[in-house]
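# Analysis of the macromolecular model
So you can see what is in the structure, the chains are spelled out below.
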Amino acid sequence: MRKKLEQAAVKVMKNAHAPYSNFHVGAAILLTNGKMFSGCNVENASYGMTNCAERTAIFSAVAQLGPKIEIQAVAVANDHGVACSPCGACRQVIYEFGPDATIFFQGAAGPKQAHITELLPEGFRLQ
Ligand code: THU
């Protein structure tokens, strides 16, 4: 399962729009219903409008299936082979749809896996 997700993350990375950072990122998510979605980072000349690969994948799943999705796992890949864990904003978005999700990413010392609550302790929820 991890390999399949990582392969999808690498594949979608090629679609990234990253002319400002030249850092291409791909992400793939596996839902508890078995479906997979992927996304890449989409940058903008107004830098703050950039959407990370992880959020692109999640928003694409919601657009396709609606909000009743549960993320089981997320894989992240980048074209520099450097450490790259989901940013704070993406951690919160992953938590919204996957409070029990496992994240596969490149850590400082190589491939790593972590539970979303390790990456985002005390994530915010309404109700
Ligand atoms: N980026 C992602 O897409 N995902 C991450 O996990 C880390 C950062 C993107 C945002 C921006 O387009 C580029 O990487 C450099 O920060």
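Below is a short write-up of the structure. The structure displayed is predicted, hence computed values, not measured ones.

A separate point is helix H1 (residues 2-13). Residue pairs three or four apart in sequence face the same way in an α-helix, which turns once every 3.6 residues. With 12 residues, H1 extends 17 Å between its outermost C-alpha atoms, agreeing within 8% with the 16 Å of an ideal straight helix rising 1.5 Å per residue. All of the buried residues in H1 are Leu5, Ala8, Ala9, Val12 and Met13. Seen end-on, H1 carries its buried residues on one side only, within an arc spanning 140 degrees. Away from its buried face, by an angle of more than 90 degrees, H1 presents the exposed residues Lys3, Lys4, Gln7 and Lys11.

Two numbers describe how helix H2 (residues 53-65) lies on helix H3 (residues 88-97): the axes approach to 9 Å, and their chain directions differ by 30 degrees. For the element pair H2 / H3, the angle class is roughly parallel. Crossing of H2 against H3: the hand is left-handed. Counting all contacts with H2, which are made through Glu54, Arg55, Ile58, Phe59 and Val62, the residues of H3 involved are Ala89, Cys90, Val93, Ile94 and Phe97. Along the lines of polarity and charge, the residues of the contact of H2 with H3 split into 8 nonpolar, no polar and 2 charged.

On to the pairing of strand E4 (residues 102-107), then. Remark: a regular strand shows side chains that alternate across the two faces of the sheet. Direction of pairing for strand E3 (residues 71-78) relative to E4: parallel, over a ladder of 3 bridges. Paired with Ala75 across the strands is Phe104, a residue of E4. Between E4 and strand E5 (residues 110-115), which pair antiparallel in sequence order, lie 2 residues.

For the rest of this paragraph, the subject is the sheet that holds E5. Strands sit in the order E2-E1-E3-E4-E5 across an open sheet of 5 strands; the sheet is mixed. Edge positions in the sheet fall to strand E2 (36-40) and E5, since each has one partner strand and no second. The mean inter-strand angle of the sheet, taken between neighbouring strand axes irrespective of direction, is 20 degrees. H1 contacts strand E1 (25-31), E2, E3, E4 and E5 of the sheet and is inclined by roughly 140 degrees relative to E1.

Below, the discussion takes up the pattern of salt bridges. Enumeration according to the criterion identifies 1 salt bridge in this entry. Here Glu6 makes a salt bridge to Arg2, at a shortest N to O gap of 2.9 Å. Here Glu6 pairs with Arg2, and both are found in helix H1, just 4 residues apart, close to one helical turn. Note on Arg2: relative accessible area 27%, which makes it partly exposed.

Okay, the layout of surface pockets next. One way to see where empty space is left: roll a probe the size of a water molecule over the atoms. What the largest pocket holds in volume is close to 170 Å³. Contributing to the lining of the largest pocket are Arg2, Glu6, Val10, Val76, Ala77, Asn78, Gly81, Phe104, Phe105, Gln106 and Pro111. Looking at the lining of the largest pocket, the elements that each hand over two or more residues are H1, E3 and E4. Taken together, the residues that form the lining of the largest pocket break down as 6 nonpolar, 3 polar and 2 charged.

Criteria and thresholds
Residues numbered from 1 in each chain as written. Predicted model: local features only at pLDDT ≥ 70, side-chain atom pairs only at ≥ 80, totals over all residues. Heavy atoms only, no water. Helix = DSSP H or I, 4+ residues; strand = E, 2+ residues; numbered from the N terminus. Expected span 1.5 Å × (residues − 1). Buried < 20%, exposed > 50% of the residue type's maximum accessible area, 1.4 Å probe, protein only. Arc of directions from axis to C-beta. Axes fitted to C-alpha atoms, helices over the stretch in contact; angles between N-to-C directions. Parallel < 35°, antiparallel > 145°, perpendicular 65-115°, else oblique. Left-handed = near helix turned anticlockwise from the far one by under 90°. Contact = heavy atoms within 4.5 Å. Nonpolar A, V, L, I, M, F, W, Y, C, P; charged D, E, K, R; others polar. Pairing = 2+ DSSP bridges. Salt bridge = Lys/Arg side-chain N within 4 Å of Asp/Glu carboxyl O. 1 Å grid on protein atoms, 1.4 Å probe; cavity = no way out; pocket = protein on both sides within 12 Å on 5 of 7 lines; lining within 4 Å. Points joined across faces, edges and corners; volume = space filled by probe spheres on them.

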